[in-house]
Amino acid sequence: MEKELWKGNEAIAEAAIRAGCDCFFGYPITPQSEVPEYMSVHLPQHGGVFVQSESEVAAINMVYGAAGSGMRAMTSSSSPGISLKQEGISYIAGAELPCVIVNCMRGGPGLGTIQPGQGDYYQATRGGGNGDYRTLVLAPSNVQETVDFVQEAFDIADQYRNPVMIVCDGLIGQMMEPIEWHPIPKRKLPPKDWAATGRKSREHNNIINSLYMAPEDCDRHNHHLAEKYAAMAKNETRWQEHQCQDAEIVITAYGTPARIALTALEALRAEGVKVGLFRPVTLWPFPERALHNLAAASHVKAFLDVEMSSSGQMLDDVRLAVEGQKPIHYLGHAGGVMPTVEEMVDAAKAALKEVK
Amino acid sequence: MTAGDICTHRLSIVTGHYGTGKTEFAVNLALALAQEGKPVMMADLDIVNPYFRSRERRQMLESAGIELISSSQACSDADVPALPAELLAILENRKVRGVLDIGGDPVGARVLARFQPKIAGEDYQLIYVLNANRPEVKTADAAIRYLRGIEAVTGLTCGGIVNNTHLCGETTAEEIRKGAALAGAVSSQTGIPVLCHMAEAQFTNQLSDLREPVFPITIRMKKPWE
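Rules of the game
Residues numbered from 1 in each chain as written. Chains lettered and ligands numbered in written order. Predicted model: local features only at pLDDT ≥ 70, side-chain atom pairs only at ≥ 80, totals over all residues. Helix = DSSP H or I, 4+ residues; strand = E, 2+ residues; numbered from the N terminus. Buried ≥ 20, exposed ≤ 12 C-beta atoms within 10 Å, placed from the backbone. Contact = placed C-beta atoms within 7 Å. Pairing = 2+ DSSP bridges. Axes fitted to C-alpha atoms, helices over the stretch in contact; angles between N-to-C directions. Parallel < 35°, antiparallel > 145°, perpendicular 65-115°, else oblique. Left-handed = near helix turned anticlockwise from the far one by under 90°. Nonpolar A, V, L, I, M, F, W, Y, C, P; charged D, E, K, R; others polar. Domains from an automatic or database assignment.

(A) Quick look at the overall build of chain B. Of the regular secondary structure elements, chain B holds nine helices and eight strands. When its C-alpha atoms are laid out on the principal axes, chain B stretches across 45 × 35 × 30 Å. The buried share of chain B, taken over its 226 residues, is 50%. Of all intrachain contacts in chain B linking residues separated by at least 6 positions in sequence, the fraction that spans at least 24 positions is 73%.

This is the structure in structure tokens:
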């Protein structure tokens with residue numbers, strides 16, 4: 001298939017259109033503004049609806065409404081804007097509605113910087129909104145994966161009636177890469193017989209709601225959600241391992257740092273250092289079992305977690321998975337500074353030196 | 001053929017659809033002109049892109065003797081649409097060769113409108129960088145629409161097309177040739193000459209059949225893992 005050169009953010013928007021996105025609601029913020037910009041031009045040409053909302057809060061609530069009526073709905077933003085959407089995401093998860101949310105992460109906290117960041121890991125995987133809910137979080141590390149994941153995200157969301165979040169850091173949104181448009185695997189999706197599309201001849205009203213007045217009902221609802229999340233964890237957990245078969249030091253990283261780590265792997269392997277990369281592709285569900293098993297392998301001596309975060313957020317999940325079997329080191333930068341190949345090489349060597 | 005032979009005007013104003021590689025061309029052009037012994041000033045006037053701007057290569061450019069002007073040094077990592085006052089130095093000092101790196105699309109080129117009366121009185125060339133792998137400019141008609149859009153907002157006339165067709169690390173000579181065909185089609189419909197085809201050193205000897213000169217480049221706007 002012919003390759004084309006796409007900018008990450010434009011490609012996200014085009015991928016959503018190709019996945020049948022009916023409605024996009026968004027508000028500009030660097031470094032993701034090309035998503036709404038592209039949508040504003042192209043989505044209406046495909047019969048869809050684009051609204052530049054008055055705020056991020058409005059955008060997510062428009063997604064809530066559109067998803068409730070059975071539309072494929074999407075919003076995107078960058079870190080501070082995603083913070084504003086948290087209440088709506090909790091409501092959408094509570095009401096069991098499918099939608100796709102893209103976070104093109106920048107430096108934080110607060111307004112931070114407009115450069116790439118990964119400080120929203122906790123927010124994405126633990127939820128910034130209230131209540132016992134989960135969003136499935138996909139973390140691509142190149143533009144091709146991003147367009148594939150965005151298209152798949154709509155299906156995953158429909159299958160589980162749950163928000164799906166794509167977290168890519170600002171670099172992935174802003175960079176140009178060759179991609180090809182290929183079909184994504186089709187899923188068998190349930191009919192949207194719950195959608196509020198007018199009662200017509202139906203015997204009951206379809207009601208979209210996250211409020212349960214009786215504690216017992218809300219308890220039952222929460223247990224139903226928990227079962228759904230367990231199914232998502234069972235079916236949707238994804239990760240990649242590079243050269244882990246004989247690795248003594250394993251780098252754990254996602255997104256852009258994982259991409260940088262691949263170059264560090266080449267450099268270290270050239271020096272004879274047995275190094276591997278474990279890359280979670282879904283941040284929630286986290287590939288806990290796979291990482292636990294890798295940590296149990298006798299050839300693995302230590303881990304090096306690398307993130308665009310000052311003291312590490314995914315690091316918590318790495319620790320939970322490794323369960324103290326092997327020492328874990330950390331390398332990170334925040335505010336838009338990216339860890340370099342050289343820093344990873346040095347940190348990996350230092351970590352290995354300690355255990356040898 | 002030297003860079004000075006390809007871009008013969010005092011001011012080279014580099015525009016195009018965004019993502020076509022304008023900055024890569026501008027940085028390589030400035031470095032080549034400086035190497036040819038010309039006093040070069042470069043202006044980064046990209047107010048559209050927050051990343052991958054020529055100001056990120058300040059050190060490299062300055063050590064090559066190129067004076068780089070960009071919006072407020074203190075805000076060089078921000079997306080503030082403010083223009084540097086020092087820009088006038090390039091426009092007024094006729095002893096320097098100026099390379100102006102402009103943001104993408106008519107939106108990015110709008111920054112030039114304010115300086116139109118000044119630029120129009122200088123020996124300038126508005127250059128349109130074209131990449132046939134960018135989906136929105138892959139046909140001659142679409143490419144010409146963007147070109148005319150840039151001319152309309154700037155009030156300047158385009159004087160040259162640069163073919164920068166690539167696929168990052170997956171570029172082949174065939175890709176560059178595909179772009180040459182598109183650039184040729186745009187040129188024959190508009191009468192604007194194709195100035196050159198950009199190519200990394202490994203492709204230059206495979207492109208000797210092209211009518212216009214090949215401008216050898218080194219990739220300067222690298223990603224953190226490259």
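(B) A look at the sheet that holds strand β14 (residues 328-332) of chain A. All names here are of chain A. With respect to topology, five strands assemble into an open sheet ordered β9-β11-β10-β13-β14, the strand pairing being mixed. One side of each edge strand has no neighbouring strand; the edge strands of this open sheet are β9 (239-242) and β14. Averaged over all pairs of adjacent strands, the angle between their axes in this sheet comes to 20°, without regard to strand direction. Bridge count for strand β13 (residues 302-307) against β14 is five bridges, and the pairing is parallel. In the sheet register, L304 faces β14, and the bridge partner there is H329. Running over the sheet, helix α12 (residues 314-322) touches β10 (249-252), β13 and β14 and is turned about 160° from β13.

(C) Geometry of the packing of helix α1 (residues 8-18) of chain A against helix α7 (residues 143-160) of chain A. Residues and elements named next belong to chain A. Interaxial distance between α1 and α7 falls to 8 Å at its minimum, and their mutual angle equals 30°. Taken as axis vectors, α1 and α7 run roughly parallel relative to one another. Crossing hand, α1 versus α7: right-handed. In this structure, α1 uses G8, A11, I12, A15, A16 and R18 to contact α7, whose residues at the interface are V143, T146, V147, V150 and Q151. Across the contact of α1 with α7, the residue classes break down as seven nonpolar, three polar and one charged.

(D) Geometry of the interface of chain B and chain A. At the interface, 17 residues of chain B touch 24 residues of chain A. Looking at the side of chain B that touches chain A residue by residue, the classes come out as nine nonpolar, three polar and five charged.

(E) Examining the sheet that holds strand β1 (residues 11-16) of chain B more closely. All names here are of chain B. If you trace the eight strands from one edge of the open sheet to the other, you get β3-β2-β4-β1-β5-β6-β7-β8, paired in parallel fashion. Only two strands of the sheet have a single partner each, and these edge strands are β3 (67-70) and β8 (214-217). Pairwise comparison of adjacent strand axes, ignoring direction, gives a mean angle of 25° for this sheet. Where β1 lies against strand β5 (residues 124-130), six bridges are found, and the strand directions are parallel. Its bridge partner being in β5, G16 is matched across the sheet by V129. Its contacts with the sheet put helix α7 (residues 140-154) on β1, β5 and β6 (158-163), and the angle it makes with β5 is roughly 150°.

(F) View of the domain arrangement of chain A. Residue and element names in this part refer to chain A. Per the domain assignment, the segments of chain A are domain 1 (4-236) and domain 2 (241-355). When each unit is reduced to the centre of its C-alpha atoms, the spacing between domain 1 and domain 2 is 28 Å. Elements represented by at least two residues in the side of domain 1 that touches domain 2 include exactly α6 (121-126), β6 (136-138), β7 (163-169), α8 (170-174) and α9 (215-236). For the side of domain 1 that touches domain 2, the element with the most residues is α6, which contributes four residues. Its residues placed into classes, the side of domain 1 that touches domain 2 shows 14 nonpolar, eleven polar and three charged.

(G) View of the pairing of strand β11 (residues 275-280) of chain A. All names here are of chain A. Of all the six residues making up β11, six are buried; the element is thus mostly covered by neighbouring parts of the structure. Neither face of β11 is open: one carries V275, L277 and R279, the other G276, F278 and P280, and all of them are buried. Examined bridge by bridge, β9 and β11 share four bridges and lie antiparallel to one another. The residue of β11 that forms the bridge with E241 is F278. Pairing between β10 and β11: four bridges, direction parallel. Each residue of the ladder has a partner; that of I251, found in β11, is L277.

(H) The pairing of β10(A), seen in detail. All names here are of chain A. In β10, alternate side chains face the same way, and those of I249 and I251 on one face and V250 and T252 on the other are all buried. Note that β10 and β13 share four bridges and pair parallel. When the bridges of β13 are listed, I251 appears paired with L304.

(I) Fine view of the environment of C158(B). Residues and elements named next belong to chain B. Considering the arrangement of structural elements, one finds C158 in strand β6. When the 19 C-beta atoms within 10 Å are taken as the criterion, C158 is described as partly exposed. Sequence spacing of C158 and T204 is 46 residues, and the spatial spacing of their C-alpha atoms is 26 Å. Not counting the four nearest positions on each side in its chain, C158 is found in contact with L126, Y128, L147, E151 and I192.

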